Amino acid sequence: MPNYVLSHLDQLEAEAIFILRETAAQFENPALLFSGGKDSIVMAWLARKAFWPARMPFPLVHIDTGHNFHETMSYRDEFVDLIRATLVVGSVQESIDTGRVVEEKGVNASRNKLQTVTLLDTIEKNQYDACLGGGRRDEEKARAKERFFSHRDDFGQWDPKNQRPELWNLFNGRKNPGEHFRVFPLSNFTEMDIWMYIRRENIPLPSIYFAHEREIFERNGSLLAITEFLKPQDHEPVTREIVRFRTIGDATCTGAVRSPASNLDEVIAEVAAARQTERGTRSDDKRSETAMEDRKKEGYF
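Residues numbered from 1 in each chain as written. Predicted model: local features only at pLDDT ≥ 70, side-chain atom pairs only at ≥ 80, totals over all residues. Heavy atoms only, no water.

(A) Representation of the sheet that holds strand S7 (residues 212–219) in the model. On the basis of which strands lie adjacent, the open sheet formed by four strands has the order S8-S7-S9-S10 and antiparallel pairing. Each having just a single partner strand, strand S8 (222–225) and strand S10 (257–258) make up the two edges of the open sheet. As paired strands, strand S9 (residues 239–244) and S10 are joined by two bridges and run antiparallel to one another. Across the sheet, Arg244 pairs through a bridge with Val257, a residue of S10. (Pairing = 2+ DSSP bridges. Helix = DSSP H or I, 4+ residues; strand = E, 2+ residues; numbered from the N terminus.)

The structure is reproduced here in structure tokens:
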């Protein structure tokens, strides 16, 4: 009888499902952070498979900046219905209205950083003891420092110099009251792996991941889309071009790329030839050399 050799996607899937099941086993009230981006979509899809035919034991938690692409919000609601999940929404606008955060001013203002307070408030309100995130180690240098089980103190903060060892498949989820964990089942996936897995599983995606015509303008090296939340200045010319998005976040800081890739095969070919990471289009990561790590230390995703 021939031996069956697992493909690399099979191995990544098995690892992620193991982490998802370990999270359900070790924690009393875990949640899955869901942005409507491809990584959180794949993570939710894997969670669905991990506990099938039962429903996944995690609610989907979306931190809504109020500055989302319309395509993302429409997709979110359709996807929640598809996988029969429970959706919990934390509102950045509510955090602003109640004085928990102060909205940024100026031409480069964004609500992206404000999400941290809303996220921590949502975790505390619902008493989540673990939050599954779709972060991958290949995304950004701060992401590469994360363990699968990443401890957060009682202020929701992360200390990259004080992380627990993870030997073989042993994960230490012990915590004190008020503390919680972030868990990253997709840590060993790459962007290419994500796209190949999406193709294999035939997972539906928001339409803005594929080539479409849109009014854009350039600011600080990023191609930004015109929305009701973001307008060009007088000296910033507007063009109508064929673009797509490699990553999805707050519309005020998520840049597009010029691309004719209109299907999964074309996207995969484009990613294979790319020389810039997907987060290279995110203006919020360019605020400083340590922008991502600084935000993560404060409690960001």
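(B) Spatial organisation of empty space enclosed by the protein. Across all of its chains, the model carries two cavities of 30 Å³ or more by this definition. As a volume, the second largest cavity reaches approximately 40 Å³. If you trace the second largest cavity, you find it lined by Phe149, Ser150, His151, Trp158, Asn162, Gln163, Arg164 and Phe181. Residue contributions to the lining of the second largest cavity peak at three residues, all from strand S5 (residues 149–152). (1 Å grid on protein atoms, 1.4 Å probe; cavity = no way out; pocket = protein on both sides within 12 Å on 5 of 7 lines; lining within 4 Å. Points joined across faces, edges and corners; volume = space filled by probe spheres on them.)

(C) Examining the side chain of Glu241 more closely. Structurally, the position occupied by Glu241 is in strand S9. For Glu241, the side chain forms a polar contact with the side chain of Thr239, separated by 2.7 Å. Of note is the side chain of Glu241, whose polar atom sits 2.6 Å from the side chain of Arg258. When near neighbours in sequence (up to four residues on either side) are disregarded, Glu241 contacts His212, Glu213, Arg214, Ile216 and Arg258. (Polar contact = N/O pair within 3.5 Å; in protein donor to acceptor, adjacent residues only side chain to side chain. Contact = heavy atoms within 4.5 Å.)

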